[in-house]
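A closer look at the structure
Listed here are the chains, written in short residue letters.
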Amino acid sequence: MRLAWHVTGNPDDLIGIKLGQEFDALYVALVSKETANLFSGIEQMLRSLQERHPSVRFAALSNACTDYVTAVLQANNLLSLFPVGLGADKVPAAKPAPDGLLQLCSLLDIPPTACVYVGDSPSDGKAAVAAGMHSIGVTWGSHASSAVQAAFPSTVHTVADLHRELERFVDQRQ
């Protein structure tokens, strides 16, 4: 239905479901290490956190479809680190609603207050706040730094700063 409005002006037009499925299939087919590579230092940071804190669990949430989330994790050899990944097609409401984050918490059996959500868009920050999670905005994504800073209680500008903030969060809970 998400594409129906753009095509017909009617969000309930069933053509939107078909177009959405076609778009998702094409989008997922384009995923590779080259087209969906991680920012420099992210993989090393994730592996370092996992090695230093084996009880830490990662999950991924996107407003893209779940197949896209899985494809990106697979292309970057991160499926073993992320036992759960969801897209907007598998949650009751997409971000900025907190539904997807709360669903991930439920699947991992972790209370939202024991989680930290890292995001790069204003909708990420709004979803995390609504879910009752600690959150960190990163300013190197596709959104203006000022927009990210306005949506998150905490922001970082480098992967090294993110790593320090995540280590601090984990250390405070152990």
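Anything mentioned here points back to the structure above.
Residues numbered from 1 in each chain as written. Predicted model: local features only at pLDDT ≥ 70, side-chain atom pairs only at ≥ 80, totals over all residues. Heavy atoms only, no water.

This part takes up the overall build of the chain. Of the regular secondary structure elements, the chain holds 8 helices and 5 strands. Counting from the amino terminus, the chain carries its helices and strands in the arrangement α-α-α-β-α-β-α-β-α-β-α-β-α. Since a compact globule built from 174 residues should have a radius of gyration of about 16 Å, the 17 Å found for the chain is in line with a globular shape. Based on the C-alpha atoms only, the size of the chain along its principal axes is roughly 50 × 35 × 30 Å. The burial tally for the chain puts 40% of its 174 residues in the buried class. Long-range contacts, defined as pairs at least 24 residues apart, comprise 51% of the intrachain contacts of the chain with a sequence gap of at least 6. About 9500 Å² of surface is accessible on the chain, with carbon and sulfur atoms providing 56% of the total. The chain carries 12 positive and 17 negative side-chain charges, and their two centres are separated by 4 Å. (Helix = DSSP H or I, 4+ residues; strand = E, 2+ residues; numbered from the N terminus. Rg over C-alpha atoms; globule rule 2.2 N^0.38 Å. Buried < 20%, exposed > 50% of the residue type's maximum accessible area, 1.4 Å probe, protein only. Contact = heavy atoms within 4.5 Å. Areas by Shrake-Rupley, 256 points an atom, 1.4 Å probe, with all protein chains shown as cover. Lys, Arg positive; Asp, Glu negative; His and termini not counted. Charge placed at Lys NZ, Arg CZ, Asp CG, Glu CD.)

Let us now look at the packing of aromatic side chains. A full pass over the atoms with the stated rule returns 4 aromatic pairs. A centroid spacing of 6.4 Å and a plane angle of 70° characterise the contact between F39 and W140, whose relative ring orientation is edge-to-face. Placement of F39 in the loop between α2 (15-29) and α3 (42-52) and of W140 in the loop between β4 (134-138) and α7 (145-151) is noted, with a sequence separation of 101 residues between them. Feature note: the residues F23, Y27 and Y68 constitute an aromatic cluster, connected by ring pairs. (Phe/Tyr/Trp six-rings, centres within 6.5 Å; stacked < 30°, edge-to-face > 60°.)

With that settled, the discussion passes to helix α6 (residues 122-131). In terms of residue burial, α6 counts as a mostly covered element, since 7 of its 10 residues are buried. Buried positions along α6 lie against α5 (99-108), β3 (116-119), β4 and α7. Directly after α6, the chain includes G132, whose backbone phi takes a positive value near 80°.

Take the packing of α3 against helix α8 (residues 159-173) next. Where α3 contacts α8, the two axes come as close as 10 Å, and the packing angle between them is 20°. Our classification of the angle between α3 and α8 gives roughly parallel. Helix-helix and strand crossings are classified by hand; for α3 and α8 the assignment is right-handed. Counted together, I42, M45, S48, L49 and R52 of α3 and V159, L162, H163, L166, E167 and D171 of α8 form the full contact between these two elements. A per-class count over the contact of α3 with α8 returns 6 nonpolar, 2 polar and 3 charged. (Axes fitted to C-alpha atoms, helices over the stretch in contact; angles between N-to-C directions. Parallel < 35°, antiparallel > 145°, perpendicular 65-115°, else oblique. Left-handed = near helix turned anticlockwise from the far one by under 90°. Nonpolar A, V, L, I, M, F, W, Y, C, P; charged D, E, K, R; others polar.)

Position of F169 among the secondary structure elements: in helix α8. Relative accessible area serves as the criterion here: at 6%, F169 is assigned to the buried category. Distance from F169 to H134, taken between C-alpha atoms, is 8.8 Å for residues 35 residues apart in sequence. Once residues lying within four places of it in the same chain are set aside, the contact partners of F169 are T113, A114, C115, V116 and H134.

Two orientations exist for strands paired in a sheet by backbone hydrogen bonds: parallel and antiparallel. The parallel open sheet is built from 3 strands, whose spatial order is β3-β4-β5. The two strands at the open ends of the sheet, each matched to only one other strand, are β3 and β5 (155-156). For β3 and β4, the ladder comprises 4 bridges, and the chain directions are parallel. Its bridge partner being in β4, V116 is matched across the sheet by H134. The sheet contacts of α8 involve β3, β4 and β5, and relative to β4 the element is tilted by about 175°. (Pairing = 2+ DSSP bridges.)

Note that all results are geometric; they support no functional claim without further evidence.
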